[in-house]
Amino acid sequence: MNTTKKIASALISVYSKEGLEPLVRALHEQKVTIYSTGGTEEFIKNLDIPVVAVEDVTSYPSILGGRVKTLHPKIFGGILNRQDHAGDVAQMQEFEIPQIDLVIVDLYPFEKTVATGASEADIIEKIDIGGISLIRAAAKNFKDTVIVPSVDEYDYLLELIQSQNCATTIEQRKKLAAKAFHISSHYDTAIFHYFNTDELIFKLSSANGKELRYGENPHQRGYFFGDFDAMFTQLHGKELSYNNLLDVDAAVNLILEFKDDAPTFAILKHNNACGLATRNNIREAYLAALACDPTSAFGGVLIANQSIDEATAAEINPLFCEVVIAPVFSPKAIEILSEKKNRILLVLKEVELPQRQIRSALNGYLVQDRNDLTDHKEQLKTVTNTVPTEAEINDLLFASKICKNTKSNTIVLAKNQTLLASGTGQTSRVDALKQAIEKANSFGFDLTGSAMASDAFFPFPDCVEIAHQAGVTAVIQPGGSIKDQLSIDFCNENKVAMVFTGTRHFKH
């Protein structure tokens, strides 16, 4: 059976007229009868192209301030009728319903209106009723009807009109129907989120999907759903991989902790910081961060909280690194860092990150609020006789920011606004501390007078004992263990300062 259908009639009802003219002219050249209403009808008339008003078909005017225009049996009958169904054919003739082969819709911009901070009255008026109904009707009847659900599909339809003499195959119509149901479901999800106050209902819809080269490993398929260009301008380099994106996400979350601080540079590998330092200028910050662990820095992701200048770029360039991120790059810095053709350079824009975090778990999803709490001086509670000095407090808060953004269980050692080492992702806090000490020693760092941060409380005093032996003189931790006093007693006996934050920072 021949499933190819030629378009002889079209209903056009769009919000945005951008890109519509070539399509209308192509349909007119193919002698397609065009139906329309409201602003779209006026637009087509201004092109000197014949158009039949929907009101002339329905014998009913647009009412309620334009809220009801196309919602009529003569319109939806023309879209939904089954051309191979005798009963439908008979009723089309009986009620003089015109056949509609093509429906072109562009919905009211609900999401954009919400994003502008418009009043509720304006937002409600941007909930499209007729358009969404036309989309669903035409998509349902894809066997006979072509649906173009948004501006994004104009070029595809124009290509079909020009290359196939205004005919479409069943496969092409079904493809457009899938896009239509995506448009309608995404639109409804956005409206739901505007109204919803029940946190136990979870809906997620993304209209910006991109296929990646592969997932974490070459045998896994990978995709990114989001608006990457809203966050970054890519100046140079290859496409980002799945693992690149994970590292970039970790890097951005970490550097935002230091957004308003003095020049700070971080180097990450596998989502954890392997180098981080704050200095008087960004070049010195980079060199200090690199010295933390030059071995792990190879192939890492680099990020700065301030502009990367020529001098800093010249220091970075010899290092093999996957990605370099900064709010600004000087022209000379771009020139230098672009010498490696695959190195990715990203300008980080001002952007608000989602307030919910989502991950798959078992046969469902886990959803939680972002960990937006950062430890501050005002919330610190000194629990020992020895009070930390101002320099120690600065190092404690510095280490705590890194600790918050490192995989648990973690211990972070820092001194003079420099990461000395961290123990990451260990099954015990003692192991995390021992790993950090061993790593710091391997790179020749003197831990005397250093600060230690822990993402969770110490269930026993063993960590403060080991840390003291290594040279740590100040400790920051959430507190909350039933045996906190044992750790406090040891610190008092050995003149170690310890502060409690009251906030745990697990990261799994």
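The text that follows walks through the structure, step by step, so that each part is easy to find. Position labels on residues start from 1 in each chain and follow its written sequence. Selection of residues for local features in this predicted model requires a pLDDT of at least 70, selection of side-chain atom pairs for listing and counting requires 80 or more, and totals for whole chains, interfaces and linings are taken over all residues. Side-chain descriptors were evaluated using all non-hydrogen atoms of the structure, hydrogens and water having been removed beforehand.

To qualify as a helix, a DSSP run of H or I must reach at least 4 residues; to qualify as a strand, a run of E must reach at least 2; elements of each kind are numbered from the N terminus. Summing up its helical and strand segments, the protein chain has 20 helices and 23 strands in all. Counting only C-alpha atoms and orienting by the principal axes, one finds that the protein chain spans roughly 100 × 50 × 45 Å. We call two residues contacting when some pair of their heavy atoms lies within 4.5 Å. Counting only contacts in the protein chain whose residues sit at least 6 apart along the sequence, the fraction spanning at least 24 positions is 56%. All accessible-area figures derive from a Shrake-Rupley calculation using a 1.4 Å probe, and residue coverage is judged against the displayed protein chains alone. With an accessible surface of roughly 25,400 Å², the protein chain has 51% of that area assigned to carbon and sulfur atoms. Only four residue types enter the tally: Lys and Arg on the positive side, Asp and Glu on the negative side, with His and both chain ends excluded. For this purpose, a charge sits on NZ of Lys, CZ of Arg, CG of Asp or CD of Glu. Computed over 49 positive and 64 negative side-chain charges, the inter-centroid distance for the protein chain is 4 Å.

Take helix H12 (residues 242–256) next. What a helix should span is 1.5 Å times the count of its residues minus one. Given a rise of 1.5 Å per residue, 15 residues ought to cover 21 Å, and the 21 Å separating the end C-alpha atoms of H12 matches this to within 8%. Only protein chains enter the accessibility calculation, which uses a 1.4 Å probe. A residue is then buried if its area is under 20% of the maximum for its type, exposed if over 50%, and partly exposed in between. Residues Asn 244, Leu 245, Asp 247, Val 248, Ala 250, Ala 251, Val 252, Asn 253, Leu 254 and Ile 255 constitute the buried set of H12.

Next up on the list: the sheet that holds strand S5 (residues 102–106). When DSSP finds at least two bridges between two strands, those strands are taken to pair. Pairing in this open sheet of five strands is parallel, and the strands run S4-S3-S2-S5-S6 from one edge to the other. Of all the strands in the sheet, just strand S4 (52–53) and strand S6 (146–148) have a single pairing partner and so form its edges.

The distinction between a cavity and a pocket rests on a 1 Å grid over the protein atoms alone: a 1.4 Å probe fits inside a cavity but cannot get out, while a pocket stays open yet meets protein on both sides within 12 Å along at least five of seven lines, and a residue with an atom within 4 Å of a point counts as lining. Grid points are joined across faces, edges and corners, and a volume is the space filled by probe spheres set on the points. All chains considered together, the criterion is met by two cavities of 30 Å³ or more. Taken as a whole, the largest cavity spans an internal volume of roughly 60 Å³. Asp 375, Ser 400, Cys 403, Lys 404, Ala 453, Ser 454, Ile 476, Gln 477, Pro 478, Thr 501, Thr 503 and His 505 are the residues that line the largest cavity. Listed by contribution, the elements that provide at least two residues to the lining of the largest cavity are helix H17 (390–404), strand S21 (450–454) and strand S22 (472–477).

To continue, consider the pairing of strand S2 (residues 9–14). For a regular strand, the rule is simple: side chains alternate between the two faces of the sheet. In terms of burial, S2 is largely enclosed, as six of its six residues are buried. Every second residue of S2 is oriented toward a common face, with Ser 9, Leu 11 and Ser 13 on one face and Ala 10, Ile 12 and Val 14 on the other, all of them buried. When the strands point away from the viewer and the connection leading from the first strand across the helix to the second strand turns clockwise, the crossover is called right-handed. A crossover links S2 with its parallel partner strand S3 (residues 33–36), the connecting element being helix H1 (residues 20–29), and its sense is right-handed. In this sheet, S5 lies alongside S2 in parallel orientation, the contact comprising five bridges. The partner of Val 14 across the bridge, within S5, is Asp 106.

Moving on, we come to the nonpolar core. Counting residues in each nonpolar core, the largest one holds 53 residues, and the members touching the most others are Ile 12, Leu 27, Ile 75, Ile 79, Leu 102 and Ile 104. Those residues in contact with Ile 79 that sit more than four places away from it in its chain are Leu 11, Ile 100, Val 103, Leu 134, Ala 137, Ala 138, Asn 141 and Thr 145. Nonpolar cores were defined as sets of buried Ala, Val, Leu, Ile, Met, Phe, Trp, Tyr and Cys residues, with membership established by side-chain atoms within 4.5 Å. One finds Phe 232, Leu 240, Ala 273 and Leu 276 within the second-largest nonpolar core, a separate group that totals 43 residues.

Let us look at the layout of surface pockets. Considering only enclosed or pocket space, the second largest pocket measures out at about 480 Å³ in volume. Lining the second largest pocket are 24 residues, and of these Gly 66, Arg 67, Lys 69, Tyr 108 and Asp 128 sit closest to its centre. Taken together, the elements giving at least two residues each to the lining of the second largest pocket come down to S2, helix H2 (38–45), S5, helix H7 (120–125) and helix H8 (130–140). In terms of residue count, H2 provides more of the lining of the second largest pocket than any other element does, three residues in total. Under the grouping applied here, Gly and all other residues not named as nonpolar or charged are polar, the nonpolar ones being Ala, Val, Leu, Ile, Met, Phe, Trp, Tyr, Cys and Pro and the charged ones Asp, Glu, Lys and Arg. Considered class by class, the residues forming the lining of the second largest pocket number eight nonpolar, ten polar and six charged.

What follows is about the packing of helix H4 (residues 73–80) against H8. With their axes 8 Å apart at the nearest point, H4 and H8 run at an angle of 30° to one another. As judged from the angle between their axes, H4 and H8 are roughly parallel. Touching Ile 75, Phe 76, Ile 79 and Leu 80 of H4 are Ser 133, Leu 134, Ala 137, Ala 138 and Lys 140, all from H8. Think of each axis as a best-fit line through the C-alpha atoms, taken over the contacting stretch in the case of a helix, with angles from 0 to 180 degrees between the N-to-C directions. In these notes the angle categories are as follows: under 35 degrees is roughly parallel, over 145 is roughly antiparallel, 65 to 115 is roughly perpendicular, and the rest is oblique.

Turning our eyes to something else, we now look at the environment of Gln 220. Among the structural elements, Gln 220 can be located in the loop between strand S8 (209–211) and strand S9 (223–225). Residues within four places of Gln 220 in sequence aside, it is in contact with Tyr 214 and Gly 215. Between N or O atoms, a polar contact is any pair within 3.5 Å; within protein, one atom must be a potential hydrogen donor and the other a potential acceptor, and residues adjacent in sequence are included only when both atoms are from side chains. A distance of 2.8 Å separates a polar atom in the side chain of Gln 220 from a polar atom in the side chain of Asn 217.

Remark: helix H19 (residues 462–470) packs on helix H20 (residues 484–493), axes separated minimally by 8 Å, with the N-to-C direction vectors making an angle of 25°. Compared by their axis directions, H19 and H20 come out roughly parallel. Seen from above, H19 lies across H20 with right-handed handedness. Residues Val 464, Glu 465 and His 468 of H19 touch H20, and the partners they reach there are Ser 487, Phe 490 and Cys 491. Its residues placed into classes, the contact of H19 with H20 shows three nonpolar, two polar and one charged. What makes a crossing left-handed is the near helix being turned counterclockwise from the far one by less than a right angle; a clockwise turn instead makes it right-handed.

A few words on H2. Taken residue by residue, H2 has Thr 40, Glu 41 and Ile 44 as its buried positions. Buried residues along H2 cover an arc of 100° about the axis, so they all sit on one side. Tucked into the core, H2 has its buried residues touching S2, H1, S3, S4 and helix H3 (54–58). By definition, the arc is the one covered by directions from the helix axis to the C-beta atoms.

Next up on the list: the side chain of Glu 153. With respect to the helices, strands and loops of the structure, Glu 153 is situated in the loop between S6 and helix H9 (154–163). Salt bridges are defined as contacts in which a side-chain nitrogen from Lys or Arg sits within 4 Å of a carboxyl oxygen from Asp or Glu. An unpaired buried charge is present at Glu 153: no salt bridge exists, and Lys 179, the closest side chain of opposite charge, is 4.1 Å distant. Apart from the residues lying within four places of it in its own chain, the contact partners of Glu 153 are Val 148, Leu 176 and Lys 179.

With that settled, the discussion passes to the pattern of salt bridges. If charged atoms from side chains of opposite charge come close, those side chains can pair. All told, the structure shown has 17 salt bridges when counted by the stated rule. Residues Glu 41 and Lys 45 are paired through a salt bridge, measuring 3.2 Å at the closest nitrogen-oxygen approach. Of this pair, Glu 41 and Lys 45 both sit in helix H2, four residues apart, roughly one helical turn. Taking relative accessible area as the criterion, Glu 41 reaches 10% and is therefore assigned buried. The partner of Lys 377 in a salt bridge is Glu 390, and the shortest N-O contact between them spans 2.9 Å. With Lys 377 in the loop between strand S17 (364–369) and strand S18 (381–382) and Glu 390 in helix H17, this pair connects stretches of sequence that are 13 residues apart. Judged by its relative accessible area of 45%, Glu 390 falls in the partly exposed class. It is possible to trace a salt-bridge network through shared partners that takes in Glu 199, Arg 356 and Asp 369.

Stacked, tilted and edge-to-face pairs are distinguished by plane angle, under 30 degrees for stacked and over 60 for edge-to-face with tilted covering the rest, among Phe, Tyr and Trp rings (Trp via its six-membered ring) whose centres lie within 6.5 Å. Tallied over the full model, the rule gives eleven aromatic pairs. Taken together, the ring pairs in this structure connect Phe 110, Tyr 187, Tyr 194 and Phe 195 into an aromatic cluster. For the cation-ring pair, Lys 175 lies above Tyr 156, with the distance from its terminal atom to the ring centre recorded as 4.6 Å. The ring of Phe 192 is capped by Lys 203, whose NZ or CZ atom sits 5.3 Å from the centre of that ring. Only lysine NZ and arginine CZ atoms are considered, and such an atom sits over a ring when it is within 6 Å of the ring centre and within 35 degrees of the ring normal.

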